[in-house]
Amino acid sequence: MAAEAPSNPEQTAQPDGADTTASTGKNAKKTPAKQMKASEKLAKLGLRKDMDFLLHLPMRYEDETQILSIAEASLRGGSQVQIQGIVTHQEVQYRPRRQLVVTVSDDSGELHLRFLNFYGSQTKQLATGAHVRARGELRHGFFGAELVHPTYKLVQDDTPLPSALTPVYHSGEGVPQALLRKAISNAIQRTHWRDTLAPRYLTQLNLMGFEASIRTLHNPPPDVDQYALSEREHPAWTRMKFDELLAQQLSLKRAQKSRRAKGAPAMPLVGELSNAFLLNLPFTLTGAQEKVLKEIRADLGQSYPMQRLLQGDVGSGKTIVAALAAAQAIDNGYQAALMAPTEILAEQHFRKIAAWLEPLGVRTAWLTGSLRKKEKEQAQALIQSGEARLVIGTHALIQDNVQFQKLGLVLVDEQHRFGVGQRLDLSHKAQAGLIPHQLMMSATPIPRTLAMTYYADLEVSVIDELPPGRTPIVTRVIDQNRRDEVIERIHAAAHEGKQVYWVCPLIEESETLQLQTATETHAMLAEALPDIRTGLVHGRLKPAEKQQVMDDFLHNRVQVLVATTVIEVGVDVPNASLMVIEHAERFGLSQLHQLRGRVGRGAAASVCLLMYQGPLGQVAKQRLGIMRESTDGFEIARRDLELRGPGEFLGARQSGEAMLKFANLETDQWLVEQARDLADYLLRNDTATVSAHLERWMGNKEEYLRV
Ligand code: ADP
Ligand code: MG
């Protein structure tokens, strides 16, 4: 690809020096030393090859096409204005701090340009008599109208105004806009344009050409639809978004294909263990559980790795499905590993699943970071020798010193809490050449656009039915100044034999503070309810202590459990039927839904009290209202999405997030669908286009997605 070969870096960085940006004050001279420096700075922004510059698209545009008279500008406090005039006075003031104040006048009046950081060269440039054109936000200061830190340039009386919008680029320290503009314009001139998409695709999808799009975005023509350009709805933007989404689809699908090309142990047998396990279940599987189990069983029989996401609302019964999948792996002579995001949850899985499987002769092992060295070594030995057929634990499972004898299946619970990378690491634990099958579980539903983009390479099974006999949870939203009533209610519930969770507020800034609050709340409740047994669990307890408290709660030796968000996921104590969440307004909706899912697990009617501290803003009210109205995780996620946008579903942990620069998953769903369809077509029929497009858009970033 000659057009996109790395260009000489010195060539790309040629400041034109005509436009001086006051905020940097650098008057770039064309000495070789400075050029080197500029190219290094540009490289720091990821700008090396010509194509990098072409795709460094404006963040916004400024309208410099008009000049206001100073009198007119003075009436527009708070908005961006551009004026032109002659410097009539200049002075360096020293109070309250050193600053340069330049007075400019035109026929209609005068105003001040105020610079808090300035260079000696600027004092010379802005000498009395100079013609200057300046842009900035108009403010009214002590001495009248002023522009603080304006962008300016020296002009002749007849220097023409730009006829089109001026692009503003994301830049770094010491990289003036003028430098970027020049470097981009050089790259545009040097490029031998080639569209990665043939004309027939463009016609079919009604897309603008690549060259025309790039030119429009960097140099908007005077008659461009300014609104569409600023709002990124112009066809030129659409083309960029489409290209980006197409690259993402191609890349995900290629990763999926290459994964499929790798072998996995075929584990088709549904044998003795699976059958005995099913016979011994204390309940019958729901139709939805049967359905997903069938899908998983079929996948496990294949000789390429399963990558399946098991979605089901909180309490829908994913654990048993996972355990049955593990049984199938064991029936085939392989080991299975189950990884959970918190120690409490891992512990609970371990006890539950071990209680199911150990009587059937399956040796299990338990591994978390907090085990003592000796215990750890014992567990590792069991795993390595293959004696332990099922291994349960936290991310300690993916550490280097853990080696499996014959790992066939990896189960990841609450997968959205893990990074993609961690998921990957565990899959590398298999034997030479073979990749274990993977089943990921999540109660957090993935919005459709996300499923089509970041998760495009996963198969999805959905449990869309709750086990029978559950009564829906009633949710109440309550001001925290009614705390006494709430405590009274807990008292009554406890006397009826019910168990209660009291969830302490999330304090994001400080774990210590969160801990303190939990301890105080516990003391307060213990005092208010002297005849009730209360317990406290939080993240800082030693594992044995944690286990003791959870155990006491499970066996109803503790009736009121004060907890931090450590109980957020997975904890299963069916007799608990009342939950109080303090400062509910601080939690995310999916988190509230998860927490609330700790009750309503048995036959008793359950209640969740969301306590808030007023006054609540409009959005906070709406959010708590959603929780009151719905117990359906998918519905809550959908409405949460309306309020927040999809970005937050990914969270910082999903490294794929950084991949989309231009497309917006919320507003560009239709483009996602088109990109997906074209990706399918290209992969089957036009691999040359696939390579060219990925090369242009992914460069080395594709590694990112290969997970
Ligand atoms: P989640 O999908 O949230 O992980 P769990 O697997 O923890 O849900 O299951 C929630 C509760 O429902 C557990 O107590 C579990 O034993 C029970 N359960 C699961 N499947 C069924 C079923 N088919 N019938 C009755 N109870 C079930
Ligand atoms: Mg679960």
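For the structure itself, consult the block above.
Residues numbered from 1 in each chain as written. Chains lettered and ligands numbered in written order. Predicted model: local features only at pLDDT ≥ 70, side-chain atom pairs only at ≥ 80, totals over all residues. Heavy atoms only, no water.

*Asks:* Any chance you could explain the environment of Ala576 here in plain terms?
*Replies:* Assignment of secondary structure puts Ala576 in strand E20 (residues 576-581). Looking at Ala576, the relative accessible area reads 0%, which means it is buried. (Helix = DSSP H or I, 4+ residues; strand = E, 2+ residues; numbered from the N terminus. Buried < 20%, exposed > 50% of the residue type's maximum accessible area, 1.4 Å probe, protein only.)

*Asks:* Help me out: how do you make sense of the sheet that holds E20 in this one?
*Replies:* Two strands in a sheet stick together by hydrogen bonds in their backbones, pointing the same way (parallel) or opposite ways (antiparallel). As summarised here, the arrangement of the six strands in space is E16-E21-E20-E17-E19-E18, forming an open sheet in which the pairing is parallel. Where the open sheet ends on each side, the last strands, each with one partner, are strand E16 (474-479) and strand E18 (534-537). Sheet twist, expressed as the average angle between the axes of neighbouring strands with direction ignored, equals 20 degrees. Pairing analysis gives six bridges linking E16 to strand E21 (residues 607-612), with the strands arranged parallel. Bridge pairing in E21 places Ile478 opposite Met611. (Pairing = 2+ DSSP bridges. Axes fitted to C-alpha atoms, helices over the stretch in contact; angles between N-to-C directions.)

*Asks:* Honestly, the nonpolar core in this entry has me stumped. Any pointers?
*Replies:* Grouped burial of nonpolar side chains is what soluble globular proteins tend to show. Of all hydrophobic cores here, the largest spans 117 residues; its most connected members are Met240, Leu246, Phe277, Leu390, Leu409 and Leu411. Those residues within four positions of Phe277 in sequence are excluded, and the remaining contacts are Ile320, Ala323, Leu324, Ala327, Trp356, Leu357 and Leu360. Counting residues in each nonpolar core, the second largest holds 34 residues, with Tyr501, Leu541, Ala584 and Leu610 among its members. (Core = buried A, V, L, I, M, F, W, Y, C linked by side-chain atoms within 4.5 Å. Contact = heavy atoms within 4.5 Å.)

*Asks:* Just checking my understanding: could you explain the site of ligand 1 for this structure?
*Replies:* Not every one of the 17 residues close to ligand 1 is listed here, only the nearest: Thr284, Gly315, Thr319, Arg470 and Asp572. Contact between ligand 1 and Lys318: an oxygen atom at 2.9 Å from a side-chain N or O atom of the residue. Here ligand 1 loses 88% of its free accessible area of 570 Å² to cover by the protein chains. Its residues assigned to classes, the shell around ligand 1 comprises four nonpolar, seven polar and six charged. (Near = heavy atom within 4 Å. Polar contact = N/O pair within 3.5 Å; in protein donor to acceptor, adjacent residues only side chain to side chain. Areas by Shrake-Rupley, 256 points an atom, 1.4 Å probe, with all protein chains shown as cover. Nonpolar A, V, L, I, M, F, W, Y, C, P; charged D, E, K, R; others polar.)

*Asks:* How should the environment of Gly271 be read in this particular structure?
*Replies:* Checked against the element boundaries, Gly271 lands in the loop between helix H10 (235-261) and helix H11 (272-280). The spatial distance from the C-alpha of Gly271 to the C-alpha of Ala329 is 9.7 Å, given a sequence separation of 58 residues.

*Asks:* Explain helix H6 (residues 177-190) to me, please; I cannot follow it from the model alone.
*Replies:* Think of an α-helix as 3.6 residues a turn; residues three or four steps apart then line up on the same face. Here H6 contains 14 residues, and its C-alpha end-to-end distance of 20 Å stays within 8% of the 20 Å for a straight helix at 1.5 Å per residue. Of all the residues in H6, the buried ones are Gln177, Ala178, Leu179, Leu180, Ala183, Ile184, Asn186, Ala187 and Ile188. (Expected span 1.5 Å × (residues − 1).)

*Asks:* Teacher, can you tell me more about the pattern of salt bridges here?
*Replies:* As a working rule, side chains carrying opposite charge can pair if their charged atoms are close by. Using the criterion set out here, one finds 26 salt bridges in the structure. Here Arg239 and Asp195 are joined by a salt bridge, their closest N and O atoms 2.8 Å apart. Taken together, the residues span a long stretch of sequence, with Arg239 in helix H10 and Asp195 in the loop between H6 and helix H7 (199-205) at a distance of 44 residues. Owing to a relative accessible area of 25%, Asp195 belongs among the partly exposed residues under this scheme. (Salt bridge = Lys/Arg side-chain N within 4 Å of Asp/Glu carboxyl O.)

*Asks:* Can you help me understand the packing of aromatic side chains in this one?
*Replies:* Each aromatic ring pair is described using two quantities: the centre-to-centre distance and the angle formed by the ring planes. Evaluated as defined, the whole model comprises eight aromatic pairs. Both rings, one in Trp193 and one in Phe210, keep their centres 6.2 Å apart while their planes meet at 55 degrees; by these two values the pair is tilted. Linking Trp193 in the loop between H6 and H7 with Phe210 in helix H8 (residues 210-218), this pair joins segments that are 17 residues apart in sequence. By relative accessible area, which is 22% here, Trp193 ends up partly exposed. Considering the side-chain rings of Phe277 and Trp356, the 5.8 Å spacing of their centres and the 50 degrees angle between planes classify their relative orientation as tilted. A residue pair is termed long-range when its members are at least 10 positions apart, and Phe277 in helix H11 and Trp356 in helix H14 (residues 343-357) qualify at 79 residues. For Phe277, a relative accessible area of 2% puts it in the buried group. You can call Trp356 buried: its relative accessible area is 18%. In textbook terms, an aromatic cluster arises when at least three aromatic residues are bridged by ring pairs, as seen for Trp237, Phe662 and Trp697. In this structure, Arg232 is placed above the aromatic ring of Trp237, and the distance from its NZ or CZ to the ring centre is 4.2 Å. (Phe/Tyr/Trp six-rings, centres within 6.5 Å; stacked < 30°, edge-to-face > 60°. Lys NZ or Arg CZ within 6 Å of the ring centre and 35° of its normal.)

*Asks:* For this particular structure, what's the right way to read the side chain of Ser461?
*Replies:* By the element assignment, Ser461 lies in strand E15 (residues 459-463). A distance of 2.5 Å separates a polar atom in the side chain of Ser461 from a polar atom in the side chain of Glu295. Discounting chain neighbours no more than four positions away, the residues touching Ser461 are Val292, Glu295, Arg308, Leu309, Leu310 and Gln311.

*Asks:* I tried to follow the pairing of strand E13 (residues 407-412) on my own but got confused; where do I start?
*Replies:* Two faces make up the sheet, and in a regular strand the side chains alternate between them. When you tally the buried positions in E13, you get six out of six residues, the bulk of the element. Where strand E10 (residues 335-339) lies against E13, five bridges are found, and the strand directions are parallel. Within the sheet, the bridge partner assigned to Leu338 lies in E13 and is Leu411. Bridge count for E13 against strand E14 (residues 437-442) is four bridges, and the pairing is parallel. Within E14, the residue paired with Val412 across the bridge is Met440.

*Asks:* I'm lost on unusual backbone geometry in this one. Help?
*Replies:* With the exception of glycine, the majority of residues adopt a negative phi angle, and the majority of peptide bonds are in the trans configuration. With an omega of -5 degrees, the peptide bond running from Gly614 to Pro615 counts as cis. Within the secondary structure, Pro615 is located in the loop between E21 and helix H22 (618-629). In this structure, Asn206 takes a positive phi of about 55 degrees despite not being glycine. Residue classification places Asn206 among the exposed residues on the basis of a relative accessible area of 71%.

*Asks:* What should I look at first to understand the sheet that holds E13 in this one?
*Replies:* Reading across from one edge, E11-E12-E10-E13-E14-E9-E15 is the order of the seven strands in this open sheet, with parallel pairing throughout. The open sheet terminates on both sides in strands that have one partner only, identified here as strand E11 (364-367) and E15. Put simply, the sheet's adjacent strands are angled 20 degrees from each other on average, direction ignored. Of the strands in this sheet, strand E9 (307-312), E13, E14 and E15 are in contact with helix H12 (residues 287-300), which crosses E15 at around 155 degrees.

*Asks:* So what exactly am I meant to see when it comes to the packing of H10 against helix H26 (residues 687-698) here?
*Replies:* In helix packing, the relevant descriptors are the interaxial angle and the interaxial distance, both defined with respect to the helix axes. Contact pair H10 / H26: the axes reach a minimum separation of 9 Å and the direction vectors enclose 110 degrees. By the angle between their directions, the pair H10 and H26 is classed as roughly perpendicular. H26 is crossed by H10, and the crossing has left-handed handedness. Along the contact surface, H10 presents Met240, Asp243, Glu244, Leu246, Ala247, Leu250, Ser251 and Arg254, while H26 presents Val690, His693, Leu694, Trp697 and Met698. The residue makeup of the contact of H10 with H26, split by class, is eight nonpolar, two polar and three charged. (Parallel < 35°, antiparallel > 145°, perpendicular 65-115°, else oblique. Left-handed = near helix turned anticlockwise from the far one by under 90°.)

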